[in-house]
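Coordinate inspection notes
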Amino acid sequence: MARFSVNTHRFDPYKSFKFRLKWDGRYVAGVSKCSALKRTTEVVKHREGNDPSTQRHMPSAISFESITLERGVTHDTEFEKWANLVYDVGAVGAISLKNFRKDIIIELLNENGQVAKAYKVYRCWVSEYQALPELDANSNAVAIEMMKLENEGWERDESIPEPTET
C-alpha cells in the first residue's frame, strides 16, 4: 500500500510519464525519456582462516550509473552545446575544463503537473551524444536525439514537500 502523509486519500504511486529536467537554471525542452537513477555498492567478500565456511560481506566502493536522455530532434541546441564542451571539432581535441561538468535537477511530477519529488545529480558530463538516429525512408518514427551523462552521485532534494492534491 502506497503511503502519502499529506494526501491520505491517495492510494496509487506516482507514474513515470511526467517529469522535467533543469540545468544551468533553465528547464530543458522536449526530453521524452530519462533512464533510471541507479547506485551500486561493490561487495567485498572476506573470510578469516578460523571462520566457518561462509564468507562475510562488506560494502566497498559506490558507483553511479550513467543517465541517458532522449528527445525528439528540434532546433533547440542545448544537448549539442553541452556535448560540444567535451569535444569541439574546431579545437582539435580540446575540452572546456571550466564548464563541461554541470549539476542537473530531475523533477518527477504528479498527474496535476506539481513537483512530487526532485533529485539533484552532481558533476554530470556528456560521454556520448547522438545528434541523429538511423534515418529510414520506410519508417514511421520520430527522429530522436540522445545523450549519455556520467555523474558523480545524486540525492533527493528533501526541501520538496509532498504537494497538496485537490
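Description of the structure in this document. (Residues numbered from 1 in each chain as written. Predicted model: local features only at pLDDT ≥ 70, side-chain atom pairs only at ≥ 80, totals over all residues. Heavy atoms only, no water.)

Points about the overall build of the protein
We apply this condition: Numbering of helices and strands runs from the N terminus; a helix is a DSSP stretch of H or I covering at least four residues, while a strand is a stretch of E covering at least two. In this description the radius of gyration comes from C-alpha coordinates, and the expected globular size is given by 2.2 Å times residues to the power 0.38. We call two residues in contact whenever any of their non-hydrogen atoms come within 4.5 Å of each other. Surface accessibility follows the Shrake-Rupley procedure with a 1.4 Å probe radius. Residue values consider only the protein chains on display as shielding. Residues scored as positive are Lys and Arg, those scored as negative are Asp and Glu, and His as well as the terminal groups of each chain are ignored. To locate a charge, take atom NZ for lysine, CZ for arginine, CG for aspartate or CD for glutamate.
Helix and strand content of the protein: one helix and ten strands. Each helix and strand of the protein, ordered N terminal to C terminal, gives the series β-β-β-β-β-β-α-β-β-β-β. Its C-alpha atoms give the protein a radius of gyration of 21 Å, clearly above 15 Å, the size a compact globule of 166 residues would have. With respect to the three principal axes, the spread of C-alpha positions in the protein is 65 × 55 × 40 Å. For the protein, restricting intrachain contacts to residue pairs at least 6 apart in sequence, the fraction spanning at least 24 positions comes to 63%. As displayed, the protein has an accessible area near 11,200 Å², and 51% of this comes from carbon and sulfur atoms. Taking the average place of the 23 positive charges on the side chains of the protein and the average place of its 25 negative ones, the gap between the two points comes to 5 Å.

With respect to a nonpolar patch on the surface
Selection criterion: For patch detection, residues must exceed 30% relative accessible area and be free of salt bridges, and they are connected within 9 Å for like charges or within 5 Å for nonpolar side chains (Val, Leu, Ile, Met, Phe, Trp, Tyr). The salt bridge criterion pairs a side-chain nitrogen of Lys or Arg with a carboxyl oxygen of Asp or Glu, the two atoms within 4 Å.
A contiguous nonpolar surface patch, about 290 Å² in accessible area, is contributed by Val73, Leu132 and Leu135. Take Leu135: it is sitting in the loop between strand S8 (115-130) and strand S9 (144-150).

Quick notes on the environment of Arg101
The cut-off we apply is this: For every residue, the accessible area obtained with a 1.4 Å probe (protein chains only) is divided by the maximum for its type, and the residue is called buried under 20%, exposed over 50%, and partly exposed between those limits. The term polar contact refers here to a pair of N or O atoms within 3.5 Å; inside protein, the definition further demands a hydrogen-donor-capable atom paired with an acceptor-capable atom, and it admits residues adjacent in sequence only when both atoms are side-chain atoms.
Position of Arg101 relative to the elements: it lies in the loop between helix H1 (78-84) and strand S7 (102-109). Here Arg101 falls in the partly exposed class, since its relative accessible area comes to 36%. Along the primary structure Arg101 and Ala36 are separated by 65 residues, whereas in three dimensions their C-alpha atoms are 20 Å apart. If we ignore the near neighbours within four places in the chain, the residues touching Arg101 are Arg123, Cys124, Trp125 and Glu152. Among the polar contacts listed, one links the side chain of Arg101 to the side chain of Glu152, at a separation of 2.9 Å.

Examining the nonpolar core
Short version of the rule: Working definition of a nonpolar core: buried Ala, Val, Leu, Ile, Met, Phe, Trp, Tyr and Cys residues. They are joined through side-chain atoms within 4.5 Å.
The biggest cluster of nonpolar side chains holds 17 residues, and the ones touching the most others in it are Trp23, Leu69, Trp82, Ile104, Met147 and Leu149. Those elements that place two or more of their residues in this core are strand S1 (19-23), strand S6 (67-72), H1, S7, S8 and S9. With residues near it in sequence (within four places) discarded, Trp23 still touches Val28, Leu69, Glu78, Phe79, Trp82, Lys102, Asp103, Ile104 and Met147.

Remarks on unusual backbone geometry
Note on backbone geometry: most residues besides glycine have negative phi, and most peptide bonds are trans. With phi around 55°, Asp24 is a residue other than glycine that occupies positive phi space. Relative to the helices and strands, Asp24 is located in the loop between S1 and strand S2 (26-27). A positive phi angle, near 50°, is found at Arg123, a position not held by glycine. Note on placement: Arg123 falls in strand S8.

Here we look at the environment of His9
Along the chain, the position of His9 falls in the segment before S1. On the accessibility criterion, His9 (58% relative accessible area) is exposed. For His9 and Pro163, which are 154 residues apart along the polypeptide, the C-alpha to C-alpha distance reads 13 Å.

Observations regarding the packing of aromatic side chains
This is how it is decided: Between the rings of Phe, Tyr and Trp (Trp by its six-membered ring), a pair exists once the centres lie within 6.5 Å; its type follows the angle of the planes, with under 30 degrees stacked, over 60 edge-to-face, and the other angles tilted. Here, a charge over a ring is recorded when the distance from Lys NZ or Arg CZ to the ring centre is within 6 Å and its angle to the ring normal is within 35 degrees.
Per the stated rule, a full pass over the model turns up six aromatic pairs. Ring centres of Phe100 and Trp125 lie 6.2 Å apart, and the angle between their planes is 65°; this geometry places the pair in the edge-to-face category. Linking Phe100 in the loop between H1 and S7 with Trp125 in strand S8, this pair joins segments that are 25 residues apart in sequence. Taken together through their ring pairs, the aromatic side chains of Trp23, Phe79 and Trp82 make up a single cluster. In this arrangement the basic side chain of Arg39 is found over the ring face of Trp154, its NZ or CZ atom lying 5.0 Å from the centre. For Lys102, the ring lying beneath its charged end belongs to Trp82, and the centroid distance is 5.6 Å.

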